[in-house]
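# Architecture at a glance
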Protein chains: 2
Amino acid sequence: MRSTMQDVPLSIGDLVRYGTTVHGDAEVVTWTGGEPRRATYREVGRRAAQLAHALRALGVTGDQRVATFQWNNQEHLEAYLAVPAMGAVLHTLNIRLHPEQVAYVANHAEDHAVIVDASLIPLFAPLLPKLTTVRHVIVAGDPDADPSPLAADGVEVHRYDDLIDGRPEEFDWPAVDERDAAAMCYTSGTTGDPKGVVYSHRSIWLHSMQVCMSDGKGLSQADNALAIVPMFHAMSWGLPYAAMMVGPSLLLTDRFLQPGPIADMIEAERPTIAAAVPTIWQGLVAELEERPRDVSSLNRVVVGGAACPPSLMRAFDERFGVPIVHAWGMTETSPLGSVANPPAGTEGEERWAYRLSQGRLPASVQGRLVADGGTVVPNDGKGVGELQVRGPWITGAYYKDPDPAKFQDGWLRTGDVGTLSPDGFLTLTDRAKDVIKSGGEWISSVELENRVMEHPAVAEAAVIAVPDPKWDERPLVAVVLREGRAADAAELRAHLADRVARWQVPERWAFISEVPKTSVGKFDKKTLRKEHAEGSLKVIEERG
Amino acid sequence: MRSTMQDVPLSIGDLVRYGTTVHGDAEVVTWTGGEPRRATYREVGRRAAQLAHALRALGVTGDQRVATFQWNNQEHLEAYLAVPAMGAVLHTLNIRLHPEQVAYVANHAEDHAVIVDASLIPLFAPLLPKLTTVRHVIVAGDPDADPSPLAADGVEVHRYDDLIDGRPEEFDWPAVDERDAAAMCYTSGTTGDPKGVVYSHRSIWLHSMQVCMSDGKGLSQADNALAIVPMFHAMSWGLPYAAMMVGPSLLLTDRFLQPGPIADMIEAERPTIAAAVPTIWQGLVAELEERPRDVSSLNRVVVGGAACPPSLMRAFDERFGVPIVHAWGMTETSPLGSVANPPAGTEGEERWAYRLSQGRLPASVQGRLVADGGTVVPNDGKGVGELQVRGPWITGAYYKDPDPAKFQDGWLRTGDVGTLSPDGFLTLTDRAKDVIKSGGEWISSVELENRVMEHPAVAEAAVIAVPDPKWDERPLVAVVLREGRAADAAELRAHLADRVARWQVPERWAFISEVPKTSVGKFDKKTLRKEHAEGSLKVIEERG
């Protein structure tokens, strides 16, 4: 028996129509270093319509891919709206990928046009000759930037503003099948070629609703949202589309991602919510210590992309009265997986334990833990296994690359290892490939890192497994000390002795100037392992 | 180009699995007059599984309809979960419909089984012989109730608890197509036969997300939700399914719908949110004046089903510090249409104007106004037209009755007349059939009613159009005075003179003891019009 409900597809076109009219007065504010640029959602909607007309004029039809190579700014948002709404597919290129990988990704997706920020011409120009399908490059931003380096056979170069100027300010966004592609983003895997995840109109709509749910990120019209997480990283965690759904103002960082400008932005524009990886907030804490600013407008800060050090979460609470809300997700999960909203009524350390977990999986994201042998581990908060997830905004394949090893019975294998509590809270202890198996027992590298980072002299710590003749594997800690602070391996071992089981305390330590990072700011343990294997990491052994 | 997203259907089975495990500790509390009955979501989940096994044993297969004739209580919730999750269709019978209409509805839906609350046996028994498709009656509740009146050829009568006792506490909820029927509810139209609306798994899931959105009703795990709106009225406004999605405790009134018990419930169980039609809150204000109780646990009260008198909203704010959140919807809209969350930053009377409107339509509910001639009226906050809506949880037909007059180009004609502001706020002035056209100008019956009800002596006021030789139509006000208070037509006219345009002040007044109500508690203007036409309404004419 069919329902009598209308068969209305969930579509970005309807989202754009809604956000740019009903919430037409909301503002998009782009940071410039000087006076911020301001536009209303209504104006952004008109320009998105003009952009869609311009892209049609350049021959963009059907589901052709239109790529972006841009910072978080108004023009990038216009592309977010126009490209999927017109039925084409938005492909956000990660400007921090290795140039060879950017070229691979653009060719693999068969991008037809690329919108490039003027400030990124020097980075993009050397790539352009390697892009085999791109026919149009559209330069947005600084009108004085020199476009001449952008030269390649068969490629036309356009000025964004010139291209859209004078075109109609309305576009009759076509009807779509909600399961059709709307946008794509490649994972920045540390091994092998990047892999494409293709979001649908449906997945983006459902994900946006989740972002706006009280137990999601609770985004609402009353918010003023600062999106620091790049629009080329997992769709800026869904903020741009969720903003169209409920109408908060949207504050975009452009290229000003250093702690100083971010502190200035918060003081000047008074966001209520901000989203970024832990490194950004680490930097902000140091910045505000040096030069205080008023960050009291924030009523929550969403942190994901990597586990947030507990010391950072506590610092934010204590110094600024701003709760950091821990969240977990990945490009493959749109990305919102879990959000650590602690259960009502919890207090003190119990509440902290919930807040420090990766959070609760919502109804739309089913999770299960699978042990090495392939058996499902009970969700008792103790059993450890690889997290597998299932749901309407979780990928079930990679673009032109089904990669069956990453899936099991239709569930995505996340590569993350941890526990699930009976009340649905996820605690990750490792990436599957980072697990340390010492004498038959698991040691959590994340746990060790967090404990080491609680030492006042430590800025960052990354733990990897290294071969050990007696225990098979043992942890090695790579430590970055704070400027002007000192601590040696013996002191850090003593610090850990009170905090972890005695047999877990590492014997191998390396003091380094910086933890290598991936293009999305995560600890790049692959590089550390390689350095260790090659003998280029200077290791101190300390058993005292 | 298809997306790579998993094709996971939105299903009540997954919702039940999630809510009864992850939120297994949340409570369902059923009021009894004495000690409330308590069960965890986990226990309710087990009993829902048992109920599903029992229904299968009674021959319920495929998309057969299982009806309920119950109050808001634990067993009704168990049916809400079990019936759609097992793939059958839940049909909530409205116990307040005329018996002939209940019989019509049950036969039209071809109900196979009916779960009847023991306290409703006297009401249900006379109907039973008229039900042509019902094979099983399951009596829930009071074990001492006498089931012997439930006798009809070919009908087996069962005890709910006996029927489920000993059956397996898990059920492998089958996979469904998300567009398949999950539940149905008949409208209680005042003209003609009731019409069936059939909700899908998809529509219920999406609607539940909306209920939990910050700018929806903001339902969250931290809530304790008091569902006064009956589970046989438009799915209790979506609270039961939304509760499964995010895990608030759920407080159910059973048959105790009088102001006294409701005040007791609020004081004893400390809900944070409650939902009911205006009449309930009118009664509560009077009750609390007489015998104060602590209602400070409420942080919002959702009011819909009929326009909320402004005087009631202000009273709630002033006396209890509890905001009434005005919402609009209908059985055909699942029912959540608009919710009056005023825009951030608004204050004073501007904020009140937003709060008194029917609220903002969300992204998932598209609205347009259509004038008499069929032309679309601009959303400028001034143009008046009939509201038409479109979206994934809006009906596009009636069950076995397409009724094309109720739809236009796939949009539902709501029969409600009003304005839409540029920022998406809906203000209803009338039901289409209640519109008063006086000398070519429209008079809003709702506006007049609200103004009359601001008079301290007035408890209720209902306005209908009556024929007028000079103006075509003029308003007639039927007034119910508060106990012990007096006011005559001249005084009420003087009261109105300051509040509405002079030409709108009515000349015709009737003082009555009670406004006739429909089965869902709305003013029954059809009956008033009939009484007026028959001359049984005593009308005072006053032009002074």
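Thresholds applied
Residues numbered from 1 in each chain as written. Chains lettered and ligands numbered in written order. Predicted model: local features only at pLDDT ≥ 70, side-chain atom pairs only at ≥ 80, totals over all residues. Heavy atoms only, no water. Helix = DSSP H or I, 4+ residues; strand = E, 2+ residues; numbered from the N terminus. Rg over C-alpha atoms; globule rule 2.2 N^0.38 Å. Buried < 20%, exposed > 50% of the residue type's maximum accessible area, 1.4 Å probe, protein only. Contact = heavy atoms within 4.5 Å. Areas by Shrake-Rupley, 256 points an atom, 1.4 Å probe, with all protein chains shown as cover. Lys, Arg positive; Asp, Glu negative; His and termini not counted. Charge placed at Lys NZ, Arg CZ, Asp CG, Glu CD. Least-squares fit on C-alpha atoms with pLDDT ≥ 70 in both. UniProt positions renumbered as here; feature names shortened; annotations may be inferred. Pairing = 2+ DSSP bridges. Salt bridge = Lys/Arg side-chain N within 4 Å of Asp/Glu carboxyl O. Buried area = accessible area lost by both parts, 1.4 Å probe. Polar contact = N/O pair within 3.5 Å; in protein donor to acceptor, adjacent residues only side chain to side chain. Right-handed = clockwise from strand over helix to strand, strands pointing away. Disulfide = S-S within 2.5 Å. Expected span 1.5 Å × (residues − 1). Axes fitted to C-alpha atoms, helices over the stretch in contact; angles between N-to-C directions. Core = buried A, V, L, I, M, F, W, Y, C linked by side-chain atoms within 4.5 Å. pLDDT = per-residue confidence, 0-100. Phe/Tyr/Trp six-rings, centres within 6.5 Å; stacked < 30°, edge-to-face > 60°. Parallel < 35°, antiparallel > 145°, perpendicular 65-115°, else oblique. Nonpolar A, V, L, I, M, F, W, Y, C, P; charged D, E, K, R; others polar.

- The name given to chain A in an unreviewed UniProt entry is Long-chain fatty acid--CoA ligase, and the organism recorded there is Nocardiopsis endophytica.

## A look at the overall build of chain A
- What chain A contains, in helices and strands, is 15 helices and 28 strands.
- A globule of 544 residues ought to have a C-alpha radius of gyration of about 24 Å, and chain A, at 24 Å, matches this closely.
- Looking at the 544 residues of chain A, the share that counts as buried comes to 62%.
- Counting only contacts in chain A whose residues sit at least 6 apart along the sequence, the fraction spanning at least 24 positions is 67%.
- Looking at chain A as shown, the accessible area adds up to about 19800 Å², and 49% of this sits on carbon and sulfur atoms.
- Between the centroid of the 54 positive side chains of chain A and the centroid of its 73 negative side chains there is a distance of 4 Å.

## Quick notes on the side chain of Ser236 of chain A
All names here are of chain A.
- As for its position among the elements, Ser236 is in the loop between strand S10 (224-227) and helix H8 (239-246).
- Given the relative accessible area of 0%, Ser236 is considered buried.
- Once residues within four sequence positions are removed from consideration, Ser236 is found in contact with Asn72, Tyr80, Ala227, Val229, Pro230 and Met231.

## Quick word on the relation of the copies chain B and chain A
- Rotating chain B by 180 degrees about the axis while translating it 0.0 Å along that axis superimposes it on chain A, leaving an RMSD of 0.1 Å. Within this description, the copies of the chain are treated as partners about a two-fold rotation axis. Taking the C-alpha atom as reference, chain B places Met213 of chain B closest to the rotation axis, 1.9 Å from it.
- Comparing contact sets, 100% of the residues at the interface of chain B also lie at the interface in chain A, consistent with an isologous, same-surface contact.

## A word on the UniProt feature "domain: AMP-binding enzyme C-terminal" (unreviewed entry) in chain A
- Under the local residue numbering, the UniProt record ascribes the feature "domain: AMP-binding enzyme C-terminal" (unreviewed entry) to residues 447-522 of chain A.
- In this annotation, residues 447-522 of chain A is assigned 21% helix and 33% strand; the end-to-end C-alpha distance for the span is 16 Å.

## Some words on unusual backbone geometry
- That bond from Ser334 of chain A to Pro335 of chain A is cis: its omega, 10 degrees, falls within 30 degrees of zero.
- Mapped onto the secondary structure, Pro335 of chain A falls in the loop between strand S14 (324-329) and strand S15 (336-339).

## Regarding the pairing of strand S5 (residues 111-117) of chain B
All names here are of chain B.
- Most of S5 is tucked away, with seven of its seven residues classed as buried.
- As paired elements, strand S3 (residues 65-69) and S5 share five bridges and run parallel to each other. Paired with Arg65 across the bridge in S5 is Asp111.
- The pairing of S5 with strand S6 (residues 136-140) spans five bridges and is classified as parallel. From the neighbouring strand, Ala113 faces S6, where its bridge partner is His136.

## Focus: the pattern of salt bridges
- Under the counting rule described, the total for this entry stands at 90 salt bridges over all chains.
- Taking the shortest distance from any N to any O, the salt bridge between Asp401 of chain B and Lys195 of chain B comes out at 2.9 Å. Remark: Lys195 of chain B occurs in the loop between strand S8 (181-186) and strand S9 (196-200) and Asp401 of chain B occurs in the loop between strand S19 (385-390) and strand S20 (407-408); sequence separation between them is 206 residues.
- When its relative accessible area of 26% is taken as the criterion, Asp401 of chain B is described as partly exposed.
- Residue classification places Lys195 of chain B among the buried positions, given a relative accessible area of 18%.
- Note that Asp294 of chain B is salt-bridged to Arg270 of chain B, the shortest N-O span being 3.2 Å. Remark: Arg270 of chain B occurs in the loop between helix H9 (259-269) and strand S12 (273-276) and Asp294 of chain B occurs in the loop between helix H10 (278-290) and strand S13 (300-303); sequence separation between them is 24 residues.
- Residue class for Arg270 of chain B comes out partly exposed when judged on its relative accessible area of 38%.
- Linked by salt bridges that have partners in common, Asp468, Arg474, Glu507, Arg508, Glu541 and Arg543 of chain A make up one network.

## Brief notes about the interface of chain B and chain A
- Between chain B and chain A, the contact holds 73 residues from the first and 73 residues from the second.
- On the chain B side of the contact with chain A, Met1, Met5 and Gln6 of chain B bury the most area, a combined 16% of that side's loss.
- Our enumeration of links across chain B and chain A arrives at 10 salt bridges.
- The closest approach of N and O atoms between Arg179 of chain A and Asp7 of chain B, which form a salt bridge, is 2.7 Å.
- At the junction of chain B with chain A, the criterion picks out 46 residue pairs in polar contact (both at pLDDT 80 or more).
- The set of elements that each furnish at least two residues to the side of chain B that touches chain A consists of helix H1 (12-19), S8, S9, helix H7 (201-212), helix H8 (239-246), S19 and strand S21 (411-420) of chain B.
- With seven residues, H7 of chain B is the single largest residue contributor to the side of chain B that touches chain A.

## Some thoughts on the pairing of strand S4 (residues 89-92) of chain B
Residues and elements named next belong to chain B.
- Side chains of S4 alternate between two faces, with Val89 and His91 and Leu90 and Thr92 buried alike.
- As paired strands, S3 and S4 are joined by four bridges and run parallel to one another. Note that in S4 the partner of Ala67 across the bridge is His91.
- In this fold, S3 hands off to helix H3 (residues 74-85), which returns the chain to S4; that crossover is right-handed.
- Alignment of S4 against S8, held across two bridges, turns out to be parallel. For His91, the partnering residue across the bridge sits in S8 and is Met184.

## With respect to the side chain of Asp223 of chain B
Residues and elements named next belong to chain B.
- On the secondary structure map, Asp223 appears in the loop between H7 and strand S10 (224-227).
- A distance of 2.6 Å separates the side chain of Asp223 from the side chain of Thr272, its partner in a polar contact.
- Within the local environment of Asp223, its side chain forms a polar contact with the side chain of Arg300, the two groups lying 2.8 Å apart.
- In contact with Asp223, not counting residues within four places along its chain, are Gly218, Pro248, Ser249, Thr272, Ile273 and Arg300.

## Details of the state of the cysteines
All names here are of chain A.
- Following the criterion strictly, the structure yields zero disulfides over all chains and no others.
- Cys185 takes part in no disulfide bond, and the closest cysteine sulfur, belonging to Cys212, lies 20 Å away.
- Classification of Cys185 as buried rests on a relative accessible area of 2%.

## Describing H3 of chain B
Residues and elements named next belong to chain B.
- With 12 residues, H3 ought to run about 16 Å at 1.5 Å a step, and its terminal C-alpha atoms sit 17 Å apart, in line with that.
- In terms of burial, H3 is largely enclosed, as 12 of its 12 residues are buried.
- Restricting attention to buried positions, one finds in H3 the residues Gln74, Glu75, His76, Leu77, Glu78, Ala79, Tyr80, Leu81, Ala82, Val83, Pro84 and Ala85.
- A positive phi of about 100 degrees marks Gly87, the residue just after H3.

## Observations regarding the sheet that holds strand S4 (residues 89-92) of chain A
All names here are of chain A.
- The mixed open sheet is built from seven strands, whose spatial order is S7-S6-S5-S3-S4-S8-S9. At either margin of the open sheet sits one strand with a lone partner, and together these are strand S7 (156-159) and strand S9 (196-200). Recorded for the sheet is a direction-independent mean angle of 25 degrees between the axes of neighbouring strands.

## Considering the nonpolar core
- Ranked by internal contacts, the top residues of the largest apolar core, which has 250 residues, are Phe69, Phe124 and Trp281 of chain B.
- Contacts of Phe124 of chain B, omitting those with residues within four sequence positions, involve Phe69, Val114, Val116, Leu131, Val137 and Leu150 of chain B.

## Structural notes on the confidence of the model for chain A
- On average, residues of chain A score 94 in pLDDT, and 99% of them reach the 70 mark or higher.
- Taken over the whole predicted complex, pTM reads 0.91, whereas the ipTM for its chain interfaces reads 0.90.

## Comments concerning the packing of aromatic side chains
Residue and element names in this part refer to chain B.
- Under the criterion given, the structure shown has 14 aromatic pairs over all chains.
- Ring geometry for Tyr80 and Tyr241: centres 5.3 Å apart, planes at 35 degrees, overall tilted. Here the residue Tyr80 occupies a position in helix H3, and Tyr241 occupies one in helix H8, the gap between them amounting to 161 residues.
- Since its relative accessible area comes to 0%, Tyr80 is described here as buried.

## Looking at the packing of H3 of chain B against H8 of chain B
All names here are of chain B.
- Relative orientation of the contacting elements H3 and H8 amounts to 75 degrees, with a least axis distance of 10 Å. With respect to each other, H3 and H8 are oriented roughly perpendicular. For the pair formed by H3 and H8, the contact residues are Leu77, Tyr80, Leu81 and Pro84 on the first element and Pro240, Tyr241 and Met244 on the second.
- Among the residues making up the contact of H3 with H8, the classes are represented as seven nonpolar, no polar and no charged.

## Details of the environment of Pro335 of chain B
All names here are of chain B.
- Classification of Pro335 as buried rests on a relative accessible area of 7%.
- In this structure, the C-alpha to C-alpha distance between Pro335 and Gly305, residues 30 residues apart in sequence, is 9.3 Å.
- The residues touching Pro335, leaving out its near neighbours within four places in the chain, are His207, Ala234, Trp237, Gly238, Trp328, Gly329 and Met330.

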